[in-house]
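Remarks on the overall topology
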Amino acid sequence: MRMPEASAPGKVMLSGEYAVLRGAPAIVAAVDHRAVARVDACEGATSSVTAPGFSEHSGRFEWQDGRVNWLEAGDDFALLEAVLDAGQPTFSSSVCVSLDTSAFHAAGGAKLGLGSSAALCAAIATALDDTVDLAPALVAMSAHRNFQSGRGSGADVAASLAGGVIDYRMEESGWTCLDWPEGLHYRLYYSGTSASTPDKIRSFDSIEVGAEFDELVALSNEIAERFREPTVFGLLGAFARYADALRTFDVVSGLGIYANGHAIMADRARAGQLIYKPCGAGGGDIGIALAHDVDLLEAFDGDASELGFEPMDARIDQNGARLST
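So, a few notes on the structure that sits alongside this text. Worth saying up front: this structure is predicted, and the values here are computed from it rather than measured.

Burial of nonpolar side chains together is a common tendency in soluble globular proteins. Core analysis: the largest hydrophobic core is formed by 109 residues, its most contacted members being Val12, Leu80 and Tyr276. The leading source of residues in this core is helix α7 (residues 232-253), at eleven residues. Residues contacting Val12, with those up to four places away along its chain left out, are Ile27, Val28, Ala29, Val31, Leu114, Leu188, Cys279 and Ile286.

Taken N-terminus to C-terminus, the directions of helix α2 (residues 116-127) and helix α4 (residues 155-162) make an angle of 50 degrees; their axes are 8 Å apart at the nearest point. Taken as axis vectors, α2 and α4 run oblique relative to one another. The two elements α2 and α4 cross, and the hand of that crossing is right-handed. The segment α2 lies against α4, with Ala118, Ala119 and Ala122 engaging Asp156, Val157, Ser160 and Leu161. Taken together, the residues that form the contact of α2 with α4 break down as five nonpolar, one polar and one charged.

Scanning the entire structure with this criterion turns up 17 salt bridges. The residue Arg187 makes a salt bridge to Glu298 at a minimum N-O spacing of 3.3 Å. Within this pair, whereas Arg187 is found in strand β9 (residues 185-190), its partner Glu298 is found in helix α9 (residues 294-306), the two being separated by 111 residues in sequence. Judged by its relative accessible area of 16%, Arg187 is buried. Each of the salt bridges in this network shares a partner with another, and the network as a whole consists of Glu5, Arg38 and Asp40.

Moving on to the sheet that holds strand β12 (residues 310-311). Pairing is antiparallel in the open sheet, where four strands are placed in the order β10-β11-β9-β12. Only two strands of the sheet have a single partner each, and these edge strands are β10 (275-278) and β12. Strand direction decides the pairing type here: β9 and strand β11 (residues 286-291), joined by six bridges, are antiparallel. Residue pairing in the sheet places Leu188 in a bridge with Ile288 of β11. α7 rests against β10 and β11 of the sheet, and its axis sits at about 45 degrees to β10. Sheet contacts for helix α8 (residues 262-271): β9, β10 and β11; angle to β10, the most-contacted strand, approximately 170 degrees.

By the bridge criterion, five bridges tie strand β7 (residues 165-169) to strand β8 (residues 174-178) in an arrangement that is antiparallel. Counterpart to Val165 in the pairing with β8 is Leu178. Counting the residues in the hairpin turn of β7 and β8 gives four residues, including Ser173, whose phi is positive at 50 degrees.

A full pass over the atoms with the stated rule returns 13 aromatic pairs. With 5.3 Å between their ring centres and 45 degrees between their planes, Tyr18 and Phe204 make a pair best called tilted. On the criterion of sequence distance, the pair formed by Tyr18 in the loop between β1 (6-15) and β2 (26-42) and Phe204 in helix α5 (residues 197-205) is long-range, its members being 186 residues apart. For Tyr18, a relative accessible area of 5% gives the class buried. On the basis of relative accessibility, which here comes to 0%, the residue Phe204 falls in the buried class. With a centroid separation of 6.5 Å and 50 degrees between ring planes, the pair formed by Tyr276 and Phe300 is classed as tilted. Here Phe300 lies in helix α9 and Tyr276 lies in strand β10, a separation of 24 residues in the sequence. There is no split in this pair, since Tyr276 and Phe300 are both buried. Through a chain of ring-to-ring contacts, three or more aromatic side chains come together here, namely Tyr18, Phe204, Phe213 and Phe249. We note Arg22 situated over the ring of Phe213; from NZ or CZ to the ring centre the distance is 5.8 Å.

What counts and what doesn't
Residues numbered from 1 in each chain as written. Predicted model: local features only at pLDDT ≥ 70, side-chain atom pairs only at ≥ 80, totals over all residues. Heavy atoms only, no water. Core = buried A, V, L, I, M, F, W, Y, C linked by side-chain atoms within 4.5 Å. Buried < 20%, exposed > 50% of the residue type's maximum accessible area, 1.4 Å probe, protein only. Helix = DSSP H or I, 4+ residues; strand = E, 2+ residues; numbered from the N terminus. Contact = heavy atoms within 4.5 Å. Axes fitted to C-alpha atoms, helices over the stretch in contact; angles between N-to-C directions. Parallel < 35°, antiparallel > 145°, perpendicular 65-115°, else oblique. Left-handed = near helix turned anticlockwise from the far one by under 90°. Nonpolar A, V, L, I, M, F, W, Y, C, P; charged D, E, K, R; others polar. Salt bridge = Lys/Arg side-chain N within 4 Å of Asp/Glu carboxyl O. Pairing = 2+ DSSP bridges. Phe/Tyr/Trp six-rings, centres within 6.5 Å; stacked < 30°, edge-to-face > 60°. Lys NZ or Arg CZ within 6 Å of the ring centre and 35° of its normal.

If you want it as structure tokens, here you go:
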């Protein structure tokens, strides 16, 4: 039996970095780089998993009494195991699992930092929907939390499930869908350097926060409020203040959020009448430039390329996790 293919988008965090871990709202956008998962019934006594572009190995396992028993390459597929553990699917036969996150890698193979594990988690949970009792959102949230040893806010999984732009609250594990304001233009840039979000979060957990972090929380709330009745210049002003607060917090905390070129990008952008900030944990991966005029972004592409940043062909994806038709 051939089951439908499922896919889910990646994400960029627009505001609420680190602050979301202490109760502030995060504004997160899904982007049109999608992870794909297929789970098909297959013949034979054992199940298999392949993930071209992620692992050169093929995993082989047995699903027995609600647990995965790996026979080959289990270390490469811990995320799949986390989803199966969370969902407890009822398989009537062995299954062949195919996973594809190639859209989350740059030409040289480096990860782009768009939340590939969260997107894949949402895609697998959606592909398994007919075989589990829980909703895909509950399965994906639980699985990804366990996969990350309890670290992280869940904002990336929520964006992959919902699509579009969301206001995410960690304490509620819930979100509100938002409209992107007409006339607010954006462009994503890849730094060329990969960063580890779990490492950054571990570092954040070990520091004491003060007034600089309180300001970051306050401005995260302001941006969330402004998205309710957005105006372009009102949001640009709020993002400018937020980016400054994030940079000040970075200096005090030593987390390196603006490292690997993000600080210079921010300075160049401000000189060109744009707002630029790193997205998510920072220290590499992705940044975003915001402007009221698309021509300003076109002009900024040259500065970005000169600094080693690559303009990305990535847009907000209004579709969340879904089965193909």
